[in-house]
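Secondary and tertiary structure notes
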Amino acid sequence: AGPRSAGGVTVIRITVPGDPVPWARARSSGRRRYTAPEQAAWMQRCWLQARLAAPHAPPGRLVLQVVAVVARPQSRPDAATREEWATGERVPAVGRFDADNALKIVADALQERGWLDDDRRISRMSVTKVWAARGEGACVEIELSCVLP
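Presented here is an overview of the structure given in this document. Residues take numbers from 1 onward in each chain, read along the sequence in its written order. Where local features are concerned, this predicted model is filtered to residues with pLDDT of at least 70; where side-chain atom pairs are given and counted, the filter is 80 or more; whole-chain, interface and lining totals use all residues. Only hydrogens and water are set aside when side-chain values are computed; all heavy atoms of the structure are taken into account.

**Some points on the nonpolar core**
To form a nonpolar core, buried Ala, Val, Leu, Ile, Met, Phe, Trp, Tyr and Cys residues must be joined to one another through side-chain atoms within 4.5 Å. The classification of residues rests on relative accessible area computed with a 1.4 Å probe and restricted to protein chains. Under 20% of the type maximum is buried, over 50% is exposed, and intermediate values are partly exposed. If you look at the biggest cluster of nonpolar residues, it comprises 28 residues, and the most contacted ones within it are I14, W42, L64, V106, W115 and I142. To qualify as a helix, a DSSP run of H or I must reach at least 4 residues; to qualify as a strand, a run of E must reach at least 2; elements of each kind are numbered from the N terminus. At the level of elements, strand 2 (9–17), helix 1 (37–53), strand 5 (61–70), helix 3 (99–112) and strand 8 (139–147) are the ones that each hand at least two residues to this core.

**A few points about the packing of aromatic side chains**
For Phe, Tyr and Trp, rings pair up if their centres lie within 6.5 Å, where Trp contributes its six-membered ring, and each pair is then called stacked (planes under 30 degrees apart), edge-to-face (over 60) or tilted (otherwise). Under the criterion given, the structure shown has zero aromatic pairs. Over the face of the ring belonging to W85 we find R72, whose NZ or CZ atom lies 3.8 Å from the ring centre. Here the guanidinium or amino end of K129 rests over the ring plane of F97, the centre of that ring lying 4.9 Å away. Here, a charge over a ring means that NZ of Lys or CZ of Arg falls within 6 Å of the ring centre while also lying within 35 degrees of the ring normal.

**Quick notes on the state of the cysteines**
Here a disulfide denotes a covalent bond joining the sulfur atom of one cysteine to the sulfur atom of another. The definition used for a disulfide is geometric: two cysteine sulfur atoms within 2.5 Å. Scanning the model with the defined rule gives zero disulfides in all. The closest cysteine sulfur to the non-disulfide-bonded C139 is located on C46, 12 Å from its own sulfur.

**Some points on the environment of L62**
Within the secondary structure, L62 is located in strand 5. Its relative accessible area of 0% is what places L62 among the buried residues. Through-space distance from the C-alpha of L62 to that of E83 is 37 Å; in sequence the pair is 21 residues apart.

**As for the pairing of strand 5**
Burial analysis of strand 5 places seven of its 10 residues in the buried class, which makes it a mostly covered element. The pairing of strand 5 with strand 7 (residues 122–131) spans nine bridges and is classified as parallel. Note on strand 7: the bridge partner recorded for V63 is R124. Pairs of strands are assigned from DSSP output, requiring at least two bridges between the strands.

**Comments concerning the pattern of salt bridges**
Here, a salt bridge means any side-chain nitrogen of Lys or Arg that lies within 4 Å of a carboxyl oxygen of Asp or Glu. Within the structure shown, the criterion is met by six salt bridges. Residue E143 pairs with R13 through a salt bridge whose shortest N-O separation is 3.0 Å. Separated by 130 residues along the polypeptide, E143 in strand 8 and R13 in strand 2 bring together distant segments of the chain. What makes R13 partly exposed here is its relative accessible area of 49%. Here R120 ties to D118 by a salt bridge, and the two come within 2.9 Å at their closest N and O atoms. Since its relative accessible area comes to 71%, R120 is described here as exposed.

**Comments concerning helix 1**
What a helix is expected to span follows from its residue count: subtract one and scale by 1.5 Å. The terminal C-alpha atoms of helix 1 lie 25 Å apart, and with 17 residues this matches the ideal 24 Å at 1.5 Å per residue to within 8%. Taken together, the buried positions of helix 1 are occupied by Q39, W42, M43, C46, W47, A50 and A53. The arc enclosing the buried residues of helix 1, seen along the axis, measures out at 140°, which places them on a common side. Residues of helix 1 that are exposed and point more than 90 degrees away from the buried face comprise P37, E38 and L52. Whether two residues touch is decided by their heavy atoms; if any such pair falls within 4.5 Å, the residues are in contact. Residues of helix 1 that are buried sit in contact with strand 2, helix 3 and strand 8. The directions considered for the arc run from the helix axis to the C-beta atoms.

Structure representation (structure tokens):
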């Protein structure tokens with residue numbers, strides 16, 4: 001796909017397939033600190049998908065939007081109305097993990113592996129957490145927009 005530019009704005013869209021893995025504080029054992037294997041593997045997949053979309057983040061101020069699409073359970077969650085659930089479309093998800101941790105793991109994955117030089121360049125962030133539509137797989141959709149300097 002690659003980055004798209006229009007009117008001085010570059011947009012990069014990245015999809016990381018599979019269930020979202022929220023950011024979690026690194027654990028420690030004595031002096032040694034480590035990241036949970038599931039989290040480290042997800043961060044690696046995120047970085048690889050970013051590299052497929054573009055070799056590195058564009059220069060300038062960045063806007064990061066993340067949509068965490070959580071696998072649709074068989075039965076309707078309490079937070080979803082019968083009407084919402086019956087449509088088969090995406091429904092706002094409550095529970096499982098904090099939405100802000102889905103955002104943090106994306107920023108950390110892109111910076112720690114060198115795709116993004118400094119996450120302080122992100123001037124605005126948003127995150128949405130939804131149950132997948134009927135027949136849709138779980139994933140994390142990332143959109144990174146850059147206003148050229």
